[in-house]
Amino acid sequence: MGCCESSLFTELGAKKDKVPANQHQQPQEQRNQKQPPFTHRPISTTTSSNASPAAIVEGDSFAEYSLSDLKAATNNFSSEFIVSESGDKAPNVVFKGRLQNGRWIAVKKFSKTAWPDPKQFAEEAGGVGKLRDSKLANLIGYCCDGDERLLVAQFMPNDTLAKHLFHWENQTIEWAMRLRVALRIAESLDYCSTKGRALYHDLNGYRVLFDENGDPRLSCFGLMKNSSDGKSYSTNLAYTPPEYLRNGRVTSASVVFSVGTILLDLLSGKHIPPSHALDMIRGKNILILMDSHLDGKFSTEEATVVIELASQCLQNEPGERPDLKKLIDTLSPLQSKADVPSHVMLGIPKHEETPSMPQRPLSPMGEACQRRDLTAIHKILVTTHYRDDEGTNELSFQEWTQQMRDMLEARKRGDFAFRDTDFKAAISCYSQFIDVGTMVSPTVYARRSLCYLLNDQPDAALRDAMQAQCVYPDWPTAFYMQSVALSKLEMHKDAADMLNEAAGLEEKRQRHGR
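Only a predicted model underlies this, so the values are computations on that prediction, with no experimental measurement involved.

**Q** Before we move on, can you summarise the overall build of the protein chain with the specific residues and values?
**A** A count of helical and extended segments in the protein chain gives 21 helices and ten strands. Going through the 514 residues of the protein chain one by one, you find that 55% of them count as buried. Residue pairs in contact within the protein chain that sit at least 24 positions apart in sequence constitute 67% of those at least 6 positions apart. On the protein chain, roughly 23500 Å² of surface is accessible, and the fraction owed to carbon and sulfur atoms is 49%.

Next comes the structure, spelled out in structure tokens:
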């Protein structure tokens, strides 16, 4: 139950007896307690100024993840979680997974021989991890553990461009959306280039992903080589830049060549070898090149511009290809339907989790959490004081040291600040109490969780609520506070599930007269 041992995560095979130790050094008494499942070490990143608030969130800072976290997220790298798999030329697999904070991720798993030097892998990942843009499926972490080499990225739930172009079920991509995709690809590559990452490896329709709103994003995985030796292209040789075939080198002009192959995909709805497409263009068979599933619903003038641009990108000599700025300048005037959301043009529902209604009657605490009424929650926590902490600590006479007295004094100051609604001061005092580690108090974690919520820090609030549950596994308040934090993080279905679990625990307590 809950985020420490929740039904939310048992479906992913998370082992409650394998929660890794917290990254901070703690006294032995506290290390013996179950630790919260946030074990990755954050590494600072720089956020693009044009990144939308919805695209870049607090949890997107680049971090080093533990192997145990990623095993739990992917059900021990189960084949059922594979979303992409390459062959012998690029032996790597991409899994979807769900972290213990409920967030979906994409995990790329390299072969053991691809990156033998862990330092080199970490440095390469760190370079890509500095990028933050709303047009990228951003890299949010990595893992180097023994022979394992793993990348962790934002998960995009609405499939790939290849799926929507070549394997669609209900409708093909309309013309205006294809032009939007082409521009977004050029813009994302240009952003990467301005940040010093001009090379994109093996660009193809499987590297273009669609987020929860249906907006196209470029996978960050292509910004990192498939292996330390730089063997970058795993696609059919017919789609590989000619200079790579000649000398094995990838340049910024090689990336433009690959953009040309994607423009052909968008025009034709098929994966046509560039040489064959160029023959059709030279023979003026433009209409034959166009995707028949568009049923003629496209502008011939616009299609001619895109075909000409694709032809320039696919020139045999790198110096004759346009740069990314030219691509953007050419594609920008072709954009239409700017007010129509991408998910509408793709013909897919907007990805929204509908919260379920509580299945049990709620107590005043439950009702306050359902409403996200932080003022009411505060009053309840002040009233209940520490009565639920009984039995969570058994201290020997020897432990009543001056340090213990100082720690309890810090908690007392925190209680006064909490009562007087000075929540920043309460966080500071409660943190002093928690950092000593001789005593663990679920109530202190719950109170600090609320303080974090009132200071607009839902991630920290969720961590504290989960820690409260680890200290006191059947405490309804810990689940209620997780529910509020999850709701603040807009994970509404998980919040509703947590609310129901809390109500169930309260019902069980009442039956046993507690």
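There's plenty left to go through after this.
**Q** Outline helix α14 (residues 364-371), supporting the account with residue identities and numerical values.
**A** Turning to α14, its buried residues are Met-365, Gly-366, Ala-368 and Cys-369. Projection of α14 onto a plane perpendicular to its axis shows the buried side chains occupying an angular sector of 160 degrees, all on one side. Projecting away from the buried face of α14 at angles above 90 degrees are the exposed residues Pro-364 and Arg-371. Elements that come into contact with the buried residues of α14 comprise α15 (374-384), α20 (476-488) and α21 (492-511). Immediately beyond the C-terminal end of α14, within one or two residues, lies Arg-372, with a positive phi of roughly 60 degrees.

**Q** How would you sum up the packing of helix α11 (residues 300-313) against helix α12 (residues 324-331)? Please name residues and give values.
**A** The interhelical angle for the contact between α11 and α12, taken along N-to-C directions, is 170 degrees, at an axis separation of 11 Å. Taken together, the axes of α11 and α12 are roughly antiparallel relative to one another. For the pair α11 and α12, contact is made by Val-305, Val-306, Leu-309, Gln-312 and Cys-313 and by Lys-326, Leu-327, Thr-330 and Leu-331, respectively.

**Q** Pulling in residues and values, what's your account of the nonpolar core?
**A** Formed by 72 residues in total, the largest nonpolar core has its most connected members in Leu-139, Leu-151, Leu-161, Trp-175, Leu-189 and Leu-263. Ranked by residue count, the leading element in this core is helix α6 (residues 175-194), at twelve residues. Apart from residues no more than four positions distant in its own chain, Leu-189 is found in contact with Tyr-200, Leu-203, Leu-218, Val-255, Val-259 and Leu-324.

**Q** I'd like a rundown of the sheet that holds strand β9 (residues 208-210), residues and numbers included.
**A** Overall, mixed pairing links the three strands, which are arranged β6-β10-β9 in an open sheet. At either margin of the open sheet sits one strand with a lone partner, and together these are β6 (136-137) and β9. Sheet topology note: the β9/strand β10 (residues 216-219) ladder contains three bridges and is antiparallel. In the strand pairing of β10, Phe-210 is matched with Pro-216. Along the sheet, α6 makes contact with β6, β9 and β10, crossing β10 at roughly 40 degrees.

**Q** Report on the pattern of salt bridges, specifying residues and quantitative values.
**A** Within this structure, the stated rule accounts for 15 salt bridges. Taking the shortest distance from any N to any O, the salt bridge between Arg-448 and Asp-464 comes out at 2.5 Å. Pair noted here: Arg-448 is in helix α18 (residues 442-454) and Asp-464 is in helix α19 (residues 458-471), with a separation of 16 residues, a long-range link. For the pair formed by Arg-448 and Asp-464, the shared burial category is buried.

**Q** Talk me through the packing of aromatic side chains; I want residue IDs and the actual numbers.
**A** Counted by the stated rule, this structure contains nine aromatic pairs. Residues Phe-418 and Phe-423 carry aromatic rings whose centres are separated by 6.1 Å and whose planes lie at 80 degrees to one another, so their mutual orientation is edge-to-face. Assigned by exposure class, Phe-418 and Phe-423 land together as buried. Lying over the aromatic face of Phe-77, Lys-109 brings its terminal NZ or CZ to 5.4 Å of the ring centre. The residue whose ring lies beneath Arg-411 is Tyr-386, and the NZ or CZ to ring-centre distance is 4.1 Å.

**Q** Provide a residue-level description of the state of the cysteines, including the pertinent values.
**A** Following the criterion strictly, the structure yields zero disulfides and no others. Cysteine Cys-143 is unpaired, with the sulfur of Cys-144 as its nearest cysteine sulfur at 6.8 Å.

**Q** Give a detailed account of the confidence of the model for the protein chain, specifying residues and quantitative values.
**A** Per-residue confidence for the protein chain gives a mean pLDDT of 81; residues scoring 70 or more make up 79%. This model gives residues 44-59 a pLDDT under 50, and the stretch forms 31 contacts once residues within four places in sequence are excluded. Contacts from residues 394-399, a stretch scored under 50 in pLDDT, to residues over four places away or in other chains number eight contacts.

**Q** Lay out the side chain of His-164 with the relevant residues and their values.
**A** Mapped onto the fold, His-164 is located in helix α5 (residues 161-166). Judged by relative accessible area, which is 11%, His-164 ranks as buried. Other than its neighbours up to four places away in sequence, His-164 contacts Asn-158, Asp-159, Ile-173, Phe-210, Leu-346 and Ile-348.

**Q** Residue-level account of the pairing of strand β5 (residues 104-110), with values.
**A** In terms of burial, β5 is a largely internal element, five of the seven residues being buried. In the sheet, β5 pairs with strand β8 (residues 148-154) via five bridges, with the strands oriented antiparallel. From the neighbouring strand, Val-107 faces β8, where its bridge partner is Val-152.

**Q** Give a detailed account of the packing of α15 against α18, specifying residues and quantitative values.
**A** Running from N to C, α15 and α18 cross one another at 160 degrees; their axes reach a closest spacing of 11 Å. Taken together, the axes of α15 and α18 are roughly antiparallel relative to one another. Relative to α18, α15 is oriented so that their crossing is left-handed. Residues Leu-374, Ile-377, His-378, Leu-381 and Val-382 of α15 lie in contact with α18, whose contacting residues are Ala-446, Arg-447, Leu-450, Leu-453 and Leu-454. Tallied by class, the residues present in the contact of α15 with α18 amount to eight nonpolar, one polar and one charged.

**Q** If you had to explain the environment of Ala-303 to someone new, which residues and values would you point to?
**A** Counting through the fold element by element, Ala-303 comes out in helix α11. The class of Ala-303 is buried, set by a relative accessible area of 1%. Counting along the chain gives 31 residues from Ala-303 to Leu-334, while the straight-line C-alpha distance between them is 9.6 Å. For Ala-303, the residues in contact, after removing those within four places along its chain, are Trp-175, Leu-267, Met-290 and Phe-298.

**Q** I'd like a description of unusual backbone geometry, backed by residues and values.
**A** For Asp-295, which is not a glycine, the phi torsion comes out positive at approximately 55 degrees. Relative to the assigned elements, Asp-295 resides in the loop between α10 (286-289) and α11. Even without glycine at this site, His-385 takes up a positive phi of about 55 degrees. Along the polypeptide, His-385 turns up in the loop between α15 and α16 (402-419).

Basis of the calculations
Residues numbered from 1 in each chain as written. Predicted model: local features only at pLDDT ≥ 70, side-chain atom pairs only at ≥ 80, totals over all residues. Heavy atoms only, no water. Helix = DSSP H or I, 4+ residues; strand = E, 2+ residues; numbered from the N terminus. Buried < 20%, exposed > 50% of the residue type's maximum accessible area, 1.4 Å probe, protein only. Contact = heavy atoms within 4.5 Å. Areas by Shrake-Rupley, 256 points an atom, 1.4 Å probe, with all protein chains shown as cover. Arc of directions from axis to C-beta. Axes fitted to C-alpha atoms, helices over the stretch in contact; angles between N-to-C directions. Parallel < 35°, antiparallel > 145°, perpendicular 65-115°, else oblique. Core = buried A, V, L, I, M, F, W, Y, C linked by side-chain atoms within 4.5 Å. Pairing = 2+ DSSP bridges. Salt bridge = Lys/Arg side-chain N within 4 Å of Asp/Glu carboxyl O. Phe/Tyr/Trp six-rings, centres within 6.5 Å; stacked < 30°, edge-to-face > 60°. Lys NZ or Arg CZ within 6 Å of the ring centre and 35° of its normal. Disulfide = S-S within 2.5 Å. pLDDT = per-residue confidence, 0-100. Left-handed = near helix turned anticlockwise from the far one by under 90°. Nonpolar A, V, L, I, M, F, W, Y, C, P; charged D, E, K, R; others polar.

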